[in-house]
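Notes for the structure review
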Amino acid sequence: MRINNESAEPIFQQIANGVEDAILSGAFPEEEQIPSTTEISVTYKINPATALKGITLLADGGILYKKRGIGMFVAEGARRKIELKRREAFFQNYILALVGEAKNLRLSEEDIKKMIESGFRDEH
Amino acid sequence: MSIELKGVNKSYGETRALRDVTLTFGDNKIIGLLGRNGAGKTTMLKVISGLIFTDGGEVTVDGERAVENDKALGKMYLMSEETYYPGGMKIRDVFKWSKRFYPDFDEGYAARLAAEFGLNQKKNVRSLSTGYLSIFKLIVALSVNTPYLFLDEPVLGLDANHRELFYRLLLEKYAEKPSTIVISTHLIEEIAALIEHVVIIKNGEILRDEPREDLLREGYTVAGAAALVDAYSENRRKIGEDSLGGLKTVYLLGPPDDVPAGLEVSGLDLQKLFIRLTNS
Amino acid sequence: MKLKQSYLYQLREHQKPIIIFYIVVMIVLPLLLVTSVTSYDGVVPMIIAEEVQGEDGATIVYESRELTPEELEEWQSVQSQFSGMDAATVIFLFVCGLAVFREQFGMLSQNGVSRKTVFRGRIAAVLTIAFGMAVIDKINLIAFKWACSLIGEDVICTSLFEQLYNSETKVRGTLTTHVYSFIFCLVSYLAAAMFGYLISLTFYRLGKAGKISVAAGVPALLFIALPIVNFYVADGKITKWAERAFDYMFGFTQSLPFHAFVTLAAMFAVFSGLCWLLMRRAVVKD
């Protein structure tokens, strides 16, 4: 996770996204504790209130929950929730950008489809 | 609980260093006081801490007038570029006296910080290099535990390692026990993410006084082919631009709306926004 | 409480200089005593010039003779007299007052102390120091007198007070003299300490032009302008008046030490008042 000061996205949003990324990748497993807002703010040199805002956003969305006196934990089913949420945004964030760049490079639809197939094969 | 400035004026001969400044510092936030050289940042901080007098207006601390008020003055600490500690005093003794004047001063913490920064407590104030003078004053500021803390160019003369250490310590401390901290600096990039609230001062006047996120939402950047960019920005409030041949980047105020595909939109970082706003 | 700390800090900062001062005094005094006793080794002047009226009223003849025992004693006492040790303390406190203002003002202001509390702490500290040093000096004097008495009657040790008000001393008893001399020390120490502080504060507040004007102007006024005016215009009246005023204020010729006590105490009050006026709008400088 990197904090980008120039991004159009506010920092607290970047924090929320970064935590979601970590949940998706398995770095923050479900029912396990995540780093405290203090740790996050110190590591990324951001204001603790900002870090808290990002965490609270996820808590409000049911991704995280608070154990009184201990800290924030990843909620059960959080991963699934994030997947579903991001699938909706996937088209917007990735597909359209891909198509736009493809047009820049003058790649055809067929070229892209072949590339995608090859990409999946490589993964295995 | 806050420190308020109401209509504060200060002139040095012909120059008006502060013009009708009205501000509030409080709510246990980290606030950035940004301004160019000579904009009035240090003057403002000195007026608040009673080192100099105003030519009009008043400063109140938690409702009480701050002038010549021991109780009000005891609630704040100013770490300034100038050093008011006696040159012949040992660091150890400075800590000792700080404890006497500021009962919440944490001597154990100060000692730990001195060790962490590599500061020898047996040295005299006047024997310190510029960097270590800053470090020494920083340590006092971090240990003093007053409800209001003012840091004037805190990292001046500090190497990169020490700067990083300082930010870490500041955030840890703030996270553990929030207080109102005002950081006055030119190094905007470094503290941009640390601060929650921004005050921009220009030629003695307050230009902006708002939460950082609100301020950043004020503007955006559009970049791409020059012709496209110009077309887009024609009727919009432009605060600056950069050109590189056929590529152009413009800085606009307002919410990003209807940006055509082919143009790249991004946010405005605090330093760029500051530069655009304070160039005259 | 800020006032207490302001007082303690200002007091504490004097500790080292005072200790050094007394160490020097303790070393120098016995040294002086020893050297004078050893140097005065029974060498007695044999000749004295004296003016004598001749029988016809017109002739002046110089005779020489040996000193009478009384004259001898007086001469010896002039040779070996240790008096006015307290003058050293007066000068010391004046210099301290001169030296401490800037640094202590800066330190206290950095620590959130109002000017009012700085000033009050200063007064309290000065009172403590003046009283303490007056006590120590009195003890020193008594000890020294005792040491002197062991060596011989011809050695005289007196305080400044005793030196200035000699006749008064002879009239009153020893206890009263001690009490008066203690009070005299106390008020002169107070006045000296605040005088130094006042001068320091004055220069602190003055701008560059002001500093030069005062540094050059005051001596010029006192040592050039005044004597000239005195001589040519006032026909010496200014000096005469000054002498009389001075005498009245301190009660020298009439041997009224109470005048001095009042004058010195008033000086302390006036200097302190001026210090406050200057301090209350003083800007804190590097």
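Before any of the text, the structure's been laid out above.
Note that the structure is a prediction, hence the values are computed from the model and not measured.

Assigned secondary structure in chain A consists of five helices and two strands. For chain A, the spread of C-alpha atoms along the three principal axes comes to 55 × 30 × 20 Å. Contacts in chain A between residues far apart in sequence, at least 24 positions, make up 51% of those at least 6 positions apart. Working note: accessible area of chain A is about 8300 Å², and carbon and sulfur atoms make up 53% of it.

Helices and strands together make up the secondary structure of chain B, namely ten helices and 14 strands. Taken over the C-alpha atoms alone, chain B extends approximately 65 × 40 × 35 Å along its principal axes. Burial statistics for chain B: of 280 residues in total, 54% are counted as buried. Long-range contacts, defined as pairs at least 24 residues apart, comprise 68% of the intrachain contacts of chain B with a sequence gap of at least 6. Counting every atom, chain B has about 11900 Å² of accessible surface; 47% of that belongs to carbon and sulfur. Each charge sign in chain B was given a centre, from 35 positive and 40 negative side chains, and these centres are 6 Å apart.

As a further point, take the sheet that holds strand β10 (residues 205-211) of chain B. Note: strands within a sheet are paired through backbone hydrogen bonds, in either parallel or antiparallel orientation. Residue and element names in this part refer to chain B. The strand order across the open sheet formed by six strands is β6-β7-β8-β3-β9-β10, and the pairing between neighbours is mixed. The open sheet is flanked by β6 (76-79) and β10, the only strands paired with a single partner. If you compare each strand with its neighbour and ignore which way they point, the axes differ by 15° on average. In this structure, strand β7 (residues 148-152) lies alongside strand β8 (residues 180-185), joined through five bridges in parallel fashion.

With that settled, the discussion passes to the packing of aromatic side chains. Within the structure shown, the criterion is met by 22 aromatic pairs over all chains. Look at F90(A) and Y94(A): their rings are 5.1 Å apart centre to centre, the planes differ by 20°, and that puts the pair in the stacked class. Of this pair, F90(A) and Y94(A) both sit in helix α4 (residues 78-104), separated by four residues, roughly a single helical turn. Through a chain of ring-to-ring contacts, three or more aromatic side chains come together here, namely F101(C), F105(C), Y197(C) and Y204(C). Over the ring of W97(B) we find R100(B), and its NZ or CZ is 4.7 Å from the ring centre.

Before going further, it helps to examine the interface of chain B and chain C. Across the contact, 25 residues belong to chain B and 28 residues belong to chain C. Across the chain B to chain C interface the summed buried area is about 2400 Å²; carbon plus sulfur atoms make up 56%. Contact with chain C buries area across many residues of chain B, yet E68(B), Y84(B) and F101(B) alone supply 30% of it, more than any other trio. Counting across the interface, chain B meets chain C through one salt bridge. Residue E68(B) is joined to R115(C) by a salt bridge in which the shortest nitrogen-to-oxygen separation is 3.2 Å.

Bringing the interface of chain A and chain B into the picture now. Between chain A and chain B, the residue contacts involve 17 residues of the former and 21 residues of the latter. Interface area, chain A with chain B, both sides summed: about 1500 Å², of which 58% is carbon and sulfur. Of all residues in chain A, E6(A), K45(A) and N47(A) bury the most surface against chain B, accounting for 39% of the area lost on that side. Counting across the chain A and chain B interface gives two salt bridges. A salt bridge links E164(B) to K45(A), with the shortest nitrogen-to-oxygen separation between them at 3.1 Å.

Another aspect to go through is the pairing of β7(B). All names here are of chain B. Within β7, five of the five residues are buried, which leaves it mostly tucked inside the rest of the structure. What you see with β7 is no split at all: Y148, F150 and D152 on one side and L149 and L151 on the other are buried throughout. By the bridge criterion, four bridges tie β6 to β7 in an arrangement that is parallel. Following the sheet pairing, M76 is matched in β7 by Y148. Chirality of the crossover, the property in question, places the unit of β7, helix α6 (residues 160-176) and β8 among those that are right-handed.

Take the nonpolar core next. Counting 128 residues, the largest nonpolar core has L5(B), F25(B), M44(B), F136(B) and F150(B) as the members making the most contacts within it. Sorting elements by how many residues they give to this core places helix α7 (residues 174-205) of chain C first, with eleven residues. Setting aside residues up to four positions removed in sequence, M44(B) forms contacts with L5(B), L18(B), V21(B), L23(B), F25(B), L33(B), I201(B) and I206(B). Ranked by size, the runner-up nonpolar core spans 18 residues in total, among them I15(A), I46(A), L58(A) and M72(A).

A cluster of nonpolar residues, V218(C), L222(C), F223(C), I224(C), L226(C), I228(C), V229(C), F231(C), Y232(C) and V233(C), forms a patch on the protein surface that exposes about 1100 Å² of accessible area. Note that Y232(C) resides in helix α8 (residues 208-233).

Turning to the pattern of salt bridges, a few remarks are in order. Following the criterion strictly, the structure yields 29 salt bridges over all chains and no others. In this structure, R236(B) engages D257(B) in a salt bridge whose closest nitrogen and oxygen atoms are separated by 3.3 Å. Here R236(B), found in the loop between α9 (226-233) and β12 (238-244), pairs with D257(B), found in the loop between β13 (247-253) and β14 (264-267); they are 21 residues apart in sequence, far enough to count as distant. Under the relative-accessibility criterion, D257(B) is labelled partly exposed at 35%. Within this structure, E20(A), D21(A), K85(A) and R86(A) form a network of salt bridges that share partners.

Here we come to the sheet that holds β12(B). Residues and elements named next belong to chain B. On the basis of which strands lie adjacent, the open sheet formed by four strands has the order β12-β13-β11-β14 and antiparallel pairing. With partners counted over all chains shown, the strands left at the sheet margins are β12 and β14, one partner each. Neighbouring strand axes in the sheet, compared pairwise and without regard to direction, differ in orientation by 20° on average. Taken together, the seven bridges between strand β11 (residues 219-225) and β13 define a ladder with antiparallel strand orientation. Paired with A223 across the strands is T249, a residue of β13.

Residues and elements named next belong to chain B. For helix α10 (residues 270-278), the set of buried residues is L270, L273, F274, L277 and T278. For α10, the arc enclosing every buried residue in end-on projection is 115°, short of the 170-degree limit, so these residues lie on one face. Summarising the contacts, the buried residues of α10 are in contact with β3 (30-35), α7 (188-191), β9 (197-202), β10, α8 (212-217) and β12. Here α10 starts with a cap whose side-chain oxygen sits 2.8 Å from the backbone nitrogen of Q271, and that cap is D269.

All names here are of chain B. The contact between helix α4 (residues 107-117) and α6 brings their axes to 11 Å, and the two run at 155°. As far as their axial angle goes, α6 and α4 are roughly antiparallel. Of the two elements, α4 crosses α6, and the hand of that crossing is right-handed. Across the interface between the two elements, Y109, L113, E116 and F117 from α4 touch H162, L165, F166, R168, L169 and K173 from α6. A breakdown of the residues in the contact of α4 with α6 according to their chemical character gives six nonpolar, one polar and three charged.

The rules behind each value
Residues numbered from 1 in each chain as written. Chains lettered and ligands numbered in written order. Predicted model: local features only at pLDDT ≥ 70, side-chain atom pairs only at ≥ 80, totals over all residues. Heavy atoms only, no water. Helix = DSSP H or I, 4+ residues; strand = E, 2+ residues; numbered from the N terminus. Contact = heavy atoms within 4.5 Å. Areas by Shrake-Rupley, 256 points an atom, 1.4 Å probe, with all protein chains shown as cover. Buried < 20%, exposed > 50% of the residue type's maximum accessible area, 1.4 Å probe, protein only. Lys, Arg positive; Asp, Glu negative; His and termini not counted. Charge placed at Lys NZ, Arg CZ, Asp CG, Glu CD. Pairing = 2+ DSSP bridges. Axes fitted to C-alpha atoms, helices over the stretch in contact; angles between N-to-C directions. Phe/Tyr/Trp six-rings, centres within 6.5 Å; stacked < 30°, edge-to-face > 60°. Lys NZ or Arg CZ within 6 Å of the ring centre and 35° of its normal. Buried area = accessible area lost by both parts, 1.4 Å probe. Salt bridge = Lys/Arg side-chain N within 4 Å of Asp/Glu carboxyl O. Right-handed = clockwise from strand over helix to strand, strands pointing away. Core = buried A, V, L, I, M, F, W, Y, C linked by side-chain atoms within 4.5 Å. Patch = residues over 30% accessible without salt bridge, like charges linked within 9 Å, V, L, I, M, F, W, Y side chains within 5 Å. Arc of directions from axis to C-beta. Polar contact = N/O pair within 3.5 Å; in protein donor to acceptor, adjacent residues only side chain to side chain. Parallel < 35°, antiparallel > 145°, perpendicular 65-115°, else oblique. Left-handed = near helix turned anticlockwise from the far one by under 90°. Nonpolar A, V, L, I, M, F, W, Y, C, P; charged D, E, K, R; others polar.

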